[in-house]
Every structure is written in structure tokens, then in C-alpha cells.
Amino acid sequence: MYTKQSKKMIALDILDILRRYTDENHSLSQKEIEELLRNEYDMVVDRKSIKRNIMDLIDMGMDIQWSEKTRLVYCRDTGEMEEQAVCSGFYLQREIMDCELHFLIDSVLDAECIPDNQKDELIRKLEGLSSKYFRKRSGSVKREMSSRFTGSQLFYTLDVINESIARNRKVSFRYPFYRVGGEGLEEEFAEHTVTPYETEIRDGRYFLFCRGEGEEELMYRIDLISNMRMAETSGNRYGKKTRRENGAREMSVKFLSSEDRVSEFVECFGSRDLRVNRMRNGNILVSARTDARRAVEFAMNHTMDTTILEPESLRNHVFRMLQSGLEGYSESSGGLVS
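Computed from a prediction, not measured in an experiment: that's the story for all the values here.

(A) Structural detail: the pairing of strand S2 (residues 80-92). Pairing geometry for strand S1 (residues 64-75) and S2, over eleven bridges, is antiparallel. Within the sheet, the bridge partner assigned to cysteine 75 lies in S2 and is glutamate 80. Between S1 and S2, which follow one another and run antiparallel, lie four residues, and glycine 79 among them has a positive phi close to 75°.

(B) Geometry of the packing of aromatic side chains. Scanning the model with the defined rule gives ten aromatic pairs in all. Seen from their ring centres, phenylalanine 173 and tyrosine 175 are 6.5 Å apart, and the 75° between their planes marks the pair as edge-to-face. Under the relative-accessibility criterion, tyrosine 175 is labelled buried at 15%. Summarising the aromatic geometry, the rings of tyrosine 175 and tyrosine 220 are spaced 5.0 Å apart at their centres and angled 75° between planes, so their arrangement reads as edge-to-face. Of the two residues, tyrosine 175 sits in strand S3 (residues 169-181) while tyrosine 220 sits in strand S6 (residues 217-221), which places them 45 residues apart along the sequence. On the basis of relative accessible area, tyrosine 220 is assigned to the buried category, the value being 9%.

(C) Main features of the nonpolar core. By size, the foremost hydrophobic cluster in this structure holds 26 residues, and its most contacted members are Phe173, Leu208, Tyr220, Ile222, Ile225 and Met228. At the level of secondary structure, the elements contributing two or more residues to this core comprise helix H4 (98-110), helix H5 (116-127), helix H7 (154-167), S3 and strand S5 (205-211). Sequence-distant contacts of phenylalanine 173, defined by excluding residues within four places in its chain, comprise Ala190, Glu191, His192, Val194, Leu208, Tyr220, Ile225, Ser226, Asn227, Met228 and Arg229.

(D) Local environment of a nonpolar patch on the surface. On the surface, a cluster of nonpolar side chains totalling about 360 Å² of accessible area is made up of Leu72, Tyr74 and Met81. As for its placement among the helices and strands, methionine 81 is situated in strand S2.

(E) Examining the sheet that holds strand S9 (residues 275-278) more closely. The four strands are arranged S9-S10-S8-S11 in an open sheet whose pairing can be described as antiparallel. With one partner strand each, in any of the chains shown, S9 and strand S11 (307-310) form the two edges of the open sheet. Here the average twist between neighbouring strands, direction ignored, is 30°. As defined by bridge partners, strand S8 (residues 250-258) adjoins strand S10 (residues 283-291) across nine bridges and the pair is classed as antiparallel. Among the inter-strand pairings, leucine 256 is bridged to a residue of S10, identified as leucine 285. Running at roughly 5° to S10, helix H9 (residues 262-269) makes contact with S8, S9 and S10 of the sheet. Against the sheet, helix H11 (residues 312-328) touches S8 and S11, its axis set at about 150° to S11.

(F) Helix H3 (residues 47-59), seen in detail. Between its first and last C-alpha atoms H3 spans 18 Å; for 13 residues at 1.5 Å apiece the expected length is 18 Å, and the two agree. Along its buried surface, H3 packs onto helix H1 (10-21), helix H2 (30-41), S1 and S2. N-cap assignment for H3: the residue whose side-chain oxygen lies 3.2 Å from the backbone N of lysine 48 is aspartate 46.

(G) Up close: the confidence of the model for the protein chain. Mean pLDDT over the protein chain stands at 82; residues scoring 70 or higher make up 86%. Per-element averaging of pLDDT across the protein chain places helix H8 (residues 243-246) at the bottom with 48 and S11 at the top with 94. Every residue in residues 244-248 is under pLDDT 50, and counting partners more than four places away or in other chains gives seven contacts.

(H) Representation of the packing of H9 against helix H10 (residues 292-301) within the structure. Two elements in contact, H9 and H10, have axes whose closest approach is 11 Å; the angle formed by their N-to-C orientations is 155°. Considering their axes alone, H9 and H10 lie roughly antiparallel with respect to each other. The handedness of the crossing between H9 and H10 is right-handed. In this structure, H9 uses Glu264, Phe265, Cys268 and Phe269 to contact H10, whose residues at the interface are Arg294, Ala295 and Phe298. Of the residues contributing to the contact of H9 with H10, the split by class is five nonpolar, no polar and two charged.

(I) Examining the side chain of threonine 22 more closely. Position of threonine 22 among the secondary structure elements: in the loop between H1 and H2. Looking at threonine 22, the relative accessible area reads 0%, which means it is buried. At 2.4 Å, the side chain of threonine 22 forms a polar contact with the backbone oxygen of leucine 18. If we skip the residues at most four places from it in the chain, threonine 22 touches Ile17, Ser27, Leu28, Phe90, Tyr91, Leu92, Arg94 and Ser131.

What counts and how
- Residues numbered from 1 in each chain as written.
- Predicted model: local features only at pLDDT ≥ 70, side-chain atom pairs only at ≥ 80, totals over all residues.
- Heavy atoms only, no water.
- Pairing = 2+ DSSP bridges.
- Helix = DSSP H or I, 4+ residues; strand = E, 2+ residues; numbered from the N terminus.
- Phe/Tyr/Trp six-rings, centres within 6.5 Å; stacked < 30°, edge-to-face > 60°.
- Buried < 20%, exposed > 50% of the residue type's maximum accessible area, 1.4 Å probe, protein only.
- Core = buried A, V, L, I, M, F, W, Y, C linked by side-chain atoms within 4.5 Å.
- Contact = heavy atoms within 4.5 Å.
- Patch = residues over 30% accessible without salt bridge, like charges linked within 9 Å, V, L, I, M, F, W, Y side chains within 5 Å.
- Areas by Shrake-Rupley, 256 points an atom, 1.4 Å probe, with all protein chains shown as cover.
- Salt bridge = Lys/Arg side-chain N within 4 Å of Asp/Glu carboxyl O.
- Axes fitted to C-alpha atoms, helices over the stretch in contact; angles between N-to-C directions.
- Expected span 1.5 Å × (residues − 1).
- Polar contact = N/O pair within 3.5 Å; in protein donor to acceptor, adjacent residues only side chain to side chain.
- pLDDT = per-residue confidence, 0-100.
- Parallel < 35°, antiparallel > 145°, perpendicular 65-115°, else oblique.
- Left-handed = near helix turned anticlockwise from the far one by under 90°.
- Nonpolar A, V, L, I, M, F, W, Y, C, P; charged D, E, K, R; others polar.

This is how it looks when you write it as C-alpha cells:
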């Protein structure tokens with residue numbers, strides 16, 4: 001139970017009640033709000049005061065919805081029963097829908113880069129954006145957390161990165177590298193100074209894209225970064241366009257594949273920039289706008305019936321990858337493992 005509060009807090013207490021107990025499917029009458037104020041805030045408030053404070057909240061910009069009901073009441077002036085509109089069914093309209101919260105929570109749960117303790121804290125914050133009824137329903141969304149990382153610097157690191165990008169400053173940080181020692185893997189750290197310009201999530205992992213001292217393009221996993229600091233020196237960023245805005249990663253890729261794969265092409269590359277032509281032998285010719293990494297990944301995952309035709313450089317790259325993998329399974333390599 002809350003401690004007894006001043007009458008000046010009535011409006012804020014009512015807003016808190018609406019935030020915790022209402023949504024578009026769950027509303028409260030003035031009587032129910034009156035009971036919650038008494039039970040949880042030890043505050044006795046009449047219904048007229050409740051309505052007046054709710055209208056004040058609406059005037060201040062709070063998106064509170066309600067319904068009106070008509071009832072018959074006795075009028076002392078006329079001595080007759082008259083119709084009177086009664087406001088009821090108050091609820092707070094949410095800025096974010098529950099289905100959107102479910103999506104965000106799913107994304108947090110699937111993010112390998114976020115340590116489990118920070119996932120739990122972030123999910124609680126997201127749940128707090130809805131009513132208590134969302135937390136009851138969201139039990140079906142939650143799954144066992146499986147992050148392999150226990151670091152606590154992720155969000156601090158992101159904060160420094162975002163500030164550095166906004167101010168065009170360099171950043172310095174420690175990043176691990178590994179050696180094979182007498183007892184297995186040995187972890188060491190190296191200091192890096194770069195100009196950050198973009199972050200991106202790929203397959204559940206969070207990456208920093210940046211430029212080194214010699215303008216080379218670099219990429220680091222953010223969850224592995226430690227001791228992040230923003231430098232006083234300006235970055236060596238040329239232009240303000242990001243990798244996505246530059247469009248440098250995208251290219252036109254042509255595939256030869258089985259017609260059975262058409263749904264998977266749509267799932268991977270989308271339908272907007274996809275062109276599909278059926279061939280006489282039952283195969284399909286597919287043209288997609290995508291980046292090299294995704295095109296190679298798709299081709300490698302479906303090597304039995306999918307081939308990259310163009311560009312030739314990408315086709316040759318996949319060929320070399322497959323050839324290298326095949327050599328690893330040849331008889332001559334059998335002696336590599338003892």
C-alpha cells in the first residue's frame with residue numbers, strides 16, 4: 001500500500017492508476033477509481049473530484065478515453081426524473097500497442113548481444129509501457145534466455161557510440177583477440193581508435209561499423225567491446241551518409257533455382273525488388289536487389305538447387321568457398337585430424 005499523500009497529488013495518482021490498470025480492453029468507472037485511491041493511496045476522494053481531475057489531465061494533453069451512459073436521476077428543482085449523462089469507462093490510450101510490445105520483447109529475447117540480466121531489466125521496462133494485463137498475457141512470449149555474454153557495458157558502450165557519431169568524434173576501446181596456448185584458448189586485448197558512423201544488428205548480434213586511421217572500413221561486435229571512451233579529436237568521417245544511405249552494399253544478383261524455392265526467396269529478399277521468371281525445365285530465374293553477404297549466405301544454404309549466375313565475381317566467390325570446403329572432405333585431408 002502506498003503512503004498517505006497530499007490532495008494535490010490526486011491527479012497524478014489517478015494517472016498512475018489509469019496507466020497500471022487500464023487499456024483499450026480494460027476500463028475503470030469512477031467508483032472503481034475511487035476504491036483504488038482509497039485502498040492503494042489511503043486517499044478518500046468523491047466522484048466529482050475524480051471527474052474534475054480526469055478532465056484536468058485531459059486538458060494537459062493526457063490521452064484519456066471514456067464513454068457516456070444515460071441514466072434517470074431525480075431533479076429537486078422540478079420534482080421529476082430527468083436524463084443525465086454519466087461519464088464512465090475511463091482508460092488511458094497507449095502510445096504503443098501491445099502487439100508492438102510483443103515484437104520488441106521478442107527482439108530483445110533473440111538478441112545474443114544482450115546479457116541475460118540486462119534482457120530481464122529491459123523487458124520489465126517494456127512491460128511497464130502497458131497495463132498489468134499485458135504482463136499476464138506476455139507470459140506466452142517469454143522464452144528461456146540463452147545469452148552467452150555476461151558483460152554489463154553494452155548500453156553504456158552504445159551511449160558513447162551514439163554521442164560520438166552525433167559529434168563526429170573518434171572513440172577508443174579495448175577489443176579481445178585470441179591465441180592458442182598450451183591450455184587452449186588464451187584471451188588478450190588490444191587498444192583500438194576509430195571513427196564510428198553506424199551500428200547494425202545482424203543475426204542477433206550487434207555490430208559497430210567504423211573507419212580506421214587509414215580510412216579502412218572496420219567492423220566490431222559491440223558486446224565484445226570494453227572500456228569505451230570518446231576521444232577529444234574529431235573523426236575522419238567524409239560525408240554524413242551511412243552505409244544504408246550510400247547504397248554501396250546493394251547490388252543486382254541473379255540466381256538459378258528450383259521453383260520450390262520461390263517462397264524462401266521472398267522471405268529472404270522481400271517481394272518489392274524481386275523478379276521471377278519461370279523456365280521450361282521447371283527452374284526459375286530470380287533477380288534480387290541485395291547485398292553480397294546475404295546473397296552468398298542464401299546460395300550456400302541451398303547449394304543443392306540454387307546457383308548465383310551474376311555478378312560473375314560473386315559466383316566465383318561462392319565457387320571458391322565450395323571448392324575449399326570440398327577439399328576439406330577429400331581423402332587427402334583425412335590425416336589432418338588425429
